[in-house]
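Residue strings, one per chain:
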Amino acid sequence: MGVLTGRTALVTGASRGIGRGIAERLGRDGARVAVHYGRNETAAKETVAAIEGAGGSAFALGVELGTPGDAEALWEEFDRHADGLDILVNNAAIGTTRPIDQLEEREYDEVFAVNVKAPFFILKHAMARLRDGGRVVNISSGLARTAAMPDNVAYAMTKGALDVLSRDLSKVLGHRGITVNSVAPGIIDTDNTAPLLHGSPDGWAKAAAYSALGGVGRPAEVADVVAFLVSDGGRWTTGSWVDVTGGSLT
Ligand SMILES: NC(=O)c1ccc[n+]([C@@H]2O[C@H](COP(=O)([O-])OP(=O)(O)OC[C@H]3O[C@@H](n4cnc5c(N)ncnc54)[C@H](OP(=O)(O)O)[C@@H]3O)[C@@H](O)[C@H]2O)c1
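Below, the structure is looked at part by part.

1. Digging into the packing of aromatic side chains
Right, on to step 1. Within the structure shown, the criterion is met by 4 aromatic pairs.
Right, on to step 2. Geometrically, the ring pair formed by Trp75 and Phe78 is edge-to-face, given 5.1 Å between the ring centres and 80° between the ring planes. Here Trp75 and its partner Phe78 are both found in helix α3 (residues 70–81), 3 residues apart, which amounts to about one turn of the helix.
Right, on to step 3. You can call Trp75 buried: its relative accessible area is 1%.
Right, on to step 4. For Phe78, a relative accessible area of 0% corresponds to the buried category.
Right, on to step 5. Seen in terms of ring centroids, Tyr108 and Phe112 are 4.6 Å apart; in terms of plane orientation they differ by 25°. Their pairing is stacked. On the criterion of helical spacing, the pair formed by Tyr108 and Phe112 is a turn pair, its members being 4 residues apart in helix α4 (residues 105–126).
Right, on to step 6. A residue is classified by how much of its surface remains accessible, and Tyr108, at 34% relative accessible area, is partly exposed.
Right, on to step 7. Residue Phe112 is classed as buried on the basis of its relative accessible area of 19%.
Right, on to step 8. One aromatic cluster is present, built from ring pairs that chain together Phe59, Trp75 and Phe78.

So, in structure tokens, the structure goes:
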């Protein structure tokens, strides 16, 4: 019996990276995990297989976010596999690396559609499905609170918007015992950061220098914090912004 046995969780963007780390951790803790993916069905099936291989239960659901009707499509698919929800982790997101003077309107619209509009409507439709005492975690970023990488301004803005969603929805859902928090990673070793970390000989060392702990995070470090927030131990923490940057904001 795990601490999440009997619970159902949905993790968006769980085919790879941080989302996969979270999905695998929640699966190990006993939750039945809906492994959402966008384009990478093979990778999502690998996440499902890893959870099942560790004795857990999971299923994959693919919906491209940032497209009209994405949230409704996601929940329609979810409802075919599960009856109600206990844990929602809004993790799927895309980045931008162009500074404001080079960023095109199309790219701005896309990053807001995937990183803000999609989680907003996923949460809107989750409300009727979430059981009392449930948990919502929105994966933010340390960049919402530092100007260390100003070329990522549009991406950082999306995470600021997501943080407001966490804060305000904690009030909306609090009377049902549902907590809503933002978890903000620093630089984590995933496909997303591969160009930064592995694109130049000193990339890793430069990234490590941002953190007080002198390192680069792994998905498991984020997953451990999410696991706490969604456990019974997280019941009195809501509307919070939890720093998982290894001290990059100090
Ligand atoms: N890595 C970092 O250093 C870092 C730092 C701070 C915050 N974060 C945040 O942590 C989260 C995960 O980041 P990551 O580095 O693990 O990212 P990643 O390795 O690029 O993986 C992104 C995941 O999101 C899914 N996804 C992306 N766009 C999608 C779309 N339009 N529709 C559906 N699914 C989509 C991908 O699915 P498919 O591959 O199936 O399309 C994949 O599962 C994001 O919210 C990111 O902003 C990351």
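2. Observations regarding the environment of Ala23
Right, on to step 1. In this structure, Ala23 sits in helix α1 (residues 17–28).
Right, on to step 2. Ala23 gets classed as buried once you look at its relative accessible area, which sits at 0%.
Right, on to step 3. When the C-alpha atoms of Ala23 and Ala50 are compared, they prove to be 9.7 Å apart, with 27 residues separating the residues in sequence.
Right, on to step 4. In this structure, Ala23 is in contact with Val11, Ala14, Val33, Val35, Thr47 and Ile51, ignoring residues within four places of it in sequence.

3. Here we look at the pattern of salt bridges
Right, on to step 1. Applying the stated rule across the entire model yields 17 salt bridges.
Right, on to step 2. Two residues, Arg129 and Asp79, come together in a salt bridge whose shortest N-O distance is 2.7 Å. Here Arg129 is found in the loop between α4 and β5 (130–139), whereas its partner Asp79 is found in helix α3, with 50 residues between them in sequence.
Right, on to step 3. Look at Arg129 and you get partly exposed, because its relative accessible area is 24%.
Right, on to step 4. Residue classification places Asp79 among the partly exposed positions, given a relative accessible area of 37%.
Right, on to step 5. One salt bridge in this structure joins Arg176 and Asp132, with 2.9 Å as the shortest N-O distance.

4. As for the site of the ligand
Right, on to step 1. Taken together, 32 residues surround the ligand, and among them Ser15, Leu65, Asn91, Tyr155 and Thr190 come closest.
Right, on to step 2. One of the side-chain N or O atoms of Glu64 is found 3.5 Å from a nitrogen atom in the ligand.
Right, on to step 3. Within the side chain of Thr190, a nitrogen or oxygen atom sits 2.5 Å from an oxygen atom of the ligand.
Right, on to step 4. Broken down by secondary-structure element, the contributors of at least two residues to the shell around the ligand are α1, β2 (32–37) and α5 (153–173).

5. Brief notes about the packing of α1 against helix α8 (residues 219–230)
Right, on to step 1. Packing of α1 against α8 brings their axes to within 8 Å, and their N-to-C directions diverge by 50°. The angle between α1 and α8 places the two elements in the oblique class. As α1 runs across α8, the sense of the crossing is right-handed. Between α1, through Gly17, Ile18, Gly21, Ile22, Arg25 and Leu26, and α8, the contact on the second element is made entirely by Pro219, Val222, Ala223, Asp224, Val226, Ala227 and Val230.
Right, on to step 2. Of the residues contributing to the contact of α1 with α8, the split by class is 9 nonpolar, 2 polar and 2 charged.

6. Some remarks on α4
Right, on to step 1. Along its 22 residues, α4 runs 30 Å from first to last C-alpha, staying within 8% of the 32 Å computed at 1.5 Å per residue.
Right, on to step 2. The largest bend along α4 measures about 40° and falls at Ala113.
Right, on to step 3. Within α4, burial applies to Glu107, Val111, Phe112, Ala113, Val114, Asn115, Ala118, Pro119, Ile122, Leu123 and Ala126.
Right, on to step 4. In this fold, the buried residues of α4 make contact with α3, β4 (85–90), β5 and α5.

7. Topic: the pairing of strand β3 (residues 57–62)
Right, on to step 1. With 6 bridges joining them, β2 and β3 adopt parallel strand pairing. Counted as the bridge partner of Val33 is Ala58 from β3.
Right, on to step 2. Note on the crossover from β2 through helix α2 (residues 41–53) to β3: the handedness is right-handed.

8. Some remarks on the layout of surface pockets
Right, on to step 1. Approximately 200 Å³ is the volume attributed to the second largest pocket.
Right, on to step 2. Along the lines of polarity and charge, the residues of the lining of the second largest pocket split into 7 nonpolar, 7 polar and 1 charged.

Procedures and definitions
Along every chain, residues carry numbers that run from 1 in the direction the sequence is written. Thresholds applied to this predicted model are a pLDDT of at least 70 for local features of residues and 80 or more for the giving and counting of side-chain atom pairs; totals over whole chains, interfaces and linings are not thresholded and use all residues. With hydrogens and water excluded, all non-hydrogen atoms of the structure serve as input to the side-chain values. Between rings of Phe, Tyr and Trp, where Trp is taken as its six-membered ring, a pair exists when centres lie within 6.5 Å; planes separated by under 30 degrees are stacked, by over 60 edge-to-face, and by other angles tilted. Only DSSP runs of H or I with at least four residues qualify as helices, and only runs of E with at least two residues qualify as strands; both kinds are numbered from the N terminus onward. To sort residues, take the accessible area from a 1.4 Å probe on protein chains only and compare it with the maximum for the residue type: under 20% means buried, over 50% means exposed, and anything in between is partly exposed. The contact definition used throughout considers only heavy atoms, calling two residues in contact when any of these lie within 4.5 Å. In the sections that follow, a salt bridge refers to a side-chain nitrogen of Lys or Arg positioned within 4 Å of a carboxyl oxygen of Asp or Glu. Nearness of a residue to a molecule or strand requires only that one of the residue's heavy atoms be within 4 Å of it. For this analysis, a polar contact is any N or O atom pair within 3.5 Å, provided that within protein one partner can donate a hydrogen and the other can accept it, and provided that sequence-adjacent residues contribute only side-chain to side-chain pairs. Think of each axis as a best-fit line through the C-alpha atoms, taken over the contacting stretch in the case of a helix, with angles from 0 to 180 degrees between the N-to-C directions. Orientation labels follow simple angle bins: below 35 degrees gives roughly parallel, above 145 gives roughly antiparallel, 65 to 115 gives roughly perpendicular, and whatever is left gives oblique. If you view the pair so one helix is near and one far, a crossing is left-handed when the near helix is turned anticlockwise from the far one by less than a right angle, and right-handed when it is turned clockwise. All residues other than Ala, Val, Leu, Ile, Met, Phe, Trp, Tyr, Cys, Pro, Asp, Glu, Lys and Arg, Gly among them, are scored as polar; the first ten of these are nonpolar and the last four charged. Multiplying 1.5 Å by the residue count of a helix minus one yields the expected span of that helix. We define the bend at any residue as the angle between the axes fitted to the seven residues before and including it, ending there, and the seven starting there. Note on pairing: two strands pair once DSSP finds at least 2 bridges between them. Crossovers are described as right-handed under a simple rule: with the strands pointing away from the observer, the path leading from the first strand over the helix to the second runs clockwise. The rule is simple: put a 1 Å grid over the protein atoms alone, call a set of points where a 1.4 Å probe fits but cannot get out a cavity, call an open set with protein on both sides within 12 Å along at least five of seven lines a pocket, and count a residue as lining if it has an atom within 4 Å of a point. Grid points are joined across faces, edges and corners, and a volume is the space filled by probe spheres set on the points.

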